[in-house]
Amino acid sequence: MTIDEIYEKVNEFLVEDLEIEESKISEDARLKEDLGIDSLEVVDVVVLVEEQFGFKMKPEDFKDLITLDDFCKFIANRIG
Amino acid sequence: MKPFSDIPIGELLPQQPPFRFVDSLEEYTAELARIRFTPEEGKNLLMEDGCLSAAGLMEHMAQCSAVRQGYYSKYILHLPVKIGYIGQFRKLRINCLPKAGETLETTIFLKEVISNITLVDAEVRLGDELIATASLKSALKDD
């Protein structure tokens, strides 16, 4: 899967499942401050990542992920 | 282990009538819980024009999630039932509202638990008809 395909899938679940406005989504959007992915939302993200990308994130994985770009690159690294 | 039918539902969640919107736990597994409820005029709040209101249906789904959690605490972990709070409803779909006297069968599917936050999906059926669905998150009060 290319990084562009990962971005596309992530954008899709941010809009459709987490109901985040598409206008707020960009590569440099901050997960917490701009997209509102707080500790409550992390549970959904863990489920969605497992469904879409086939691996289970741990809550502590989010500590170093600041932007959407960080998040997508993290997924890319995990799925090789 | 007690049969589900022998468990007083009031053991599993703090809400009392007339603000209790669950009657009995029918099934519990690690993946799901199945709960029945028959709304009735005079027995339950949140009734409107002979039907359980949308707010009542949402409260029913939330209490079904609480029943699942309560059973898990009391009968699996053998711990006291904790107070929980609904943190979020998402993807709520209500196709129709049940009339007084109609029995709902609601299945709660456990999706994920992280720390004290639990994510479940709820499906409410009236006979074979799926009348409502939602995804909801609850948080347990820390000791």
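Residues numbered from 1 in each chain as written. Chains lettered and ligands numbered in written order. Predicted model: local features only at pLDDT ≥ 70, side-chain atom pairs only at ≥ 80, totals over all residues. Heavy atoms only, no water.

**Student:** So what about the pattern of salt bridges? Which residues, and what values?
**Tutor:** Within the structure shown, the criterion is met by 17 salt bridges over all chains. For the salt bridge of Lys56 of chain A with Glu112 of chain B, the shortest nitrogen-to-oxygen distance reads 3.0 Å. Placement of the pair is Lys56 of chain A in the loop between helix H2 (39-53) and helix H3 (68-79) and Glu112 of chain B in strand S6 (residues 104-114), with the two residues belonging to separate chains. With a relative accessible area of 43%, Lys56 of chain A lands in the partly exposed category. Judged by its relative accessible area of 8%, Glu112 of chain B falls in the buried class. Between Lys43 of chain B and Asp23 of chain B there is a salt bridge, with its nearest N and O atoms 3.2 Å apart. Within this pair, whereas Lys43 of chain B is found in the loop between strand S2 (32-37) and strand S3 (47-48), its partner Asp23 of chain B is found in the segment before strand S1 (24-28), the two being separated by 20 residues in sequence. Its relative accessible area of 29% is what places Lys43 of chain B among the partly exposed residues. (Salt bridge = Lys/Arg side-chain N within 4 Å of Asp/Glu carboxyl O. Helix = DSSP H or I, 4+ residues; strand = E, 2+ residues; numbered from the N terminus. Buried < 20%, exposed > 50% of the residue type's maximum accessible area, 1.4 Å probe, protein only.)

**Student:** If you had to explain the packing of helix H1 (residues 3-16) of chain A against H3 of chain A to someone new, which residues and values would you point to?
**Tutor:** Residues and elements named next belong to chain A. Contact geometry of H1 with H3 gives a least axis separation of 10 Å together with a crossing angle of 120°. If you check the angle between H1 and H3, you find them oblique. Crossing of H1 over H3 shows right-handed handedness. The segment H1 lies against H3, with Ile3, Ile6, Tyr7, Val10, Asn11, Phe13 and Leu14 engaging Leu68, Asp69, Phe71, Cys72, Lys73, Ile75, Ala76 and Ile79. Of the residues belonging to the contact of H1 with H3, the class tally is twelve nonpolar, one polar and two charged. (Axes fitted to C-alpha atoms, helices over the stretch in contact; angles between N-to-C directions. Parallel < 35°, antiparallel > 145°, perpendicular 65-115°, else oblique. Left-handed = near helix turned anticlockwise from the far one by under 90°. Contact = heavy atoms within 4.5 Å. Nonpolar A, V, L, I, M, F, W, Y, C, P; charged D, E, K, R; others polar.)

**Student:** Please give an account of the packing of aromatic side chains that cites residues and values.
**Tutor:** Residue and element names in this part refer to chain B. For the coordinates displayed, the defined rule picks out seven aromatic pairs over all chains. Geometrically, the ring pair formed by Phe19 and Phe21 is edge-to-face, given 5.2 Å between the ring centres and 85° between the ring planes. The exposure class of Phe19 is partly exposed, given its relative accessible area of 32%. Under the relative-accessibility criterion, Phe21 is labelled buried at 0%. A network of ring pairs unites the aromatic residues Phe4, Tyr28, Tyr71 and Tyr75 as a single cluster. (Phe/Tyr/Trp six-rings, centres within 6.5 Å; stacked < 30°, edge-to-face > 60°.)

**Student:** Before we move on, can you summarise unusual backbone geometry with the specific residues and values?
**Tutor:** Residues and elements named next belong to chain B. For the bond from Pro17 to Pro18, the omega torsion is 10°, close enough to zero to count as cis. Turning to its location among the elements, Pro18 is positioned in the segment before S1. A positive phi angle, close to 50°, is found at Asp49, a residue other than glycine. Here Asp49 shows up in the loop between S3 and strand S4 (51-52). At Lys91, a residue that is not glycine, the phi angle is positive and equals roughly 55°.

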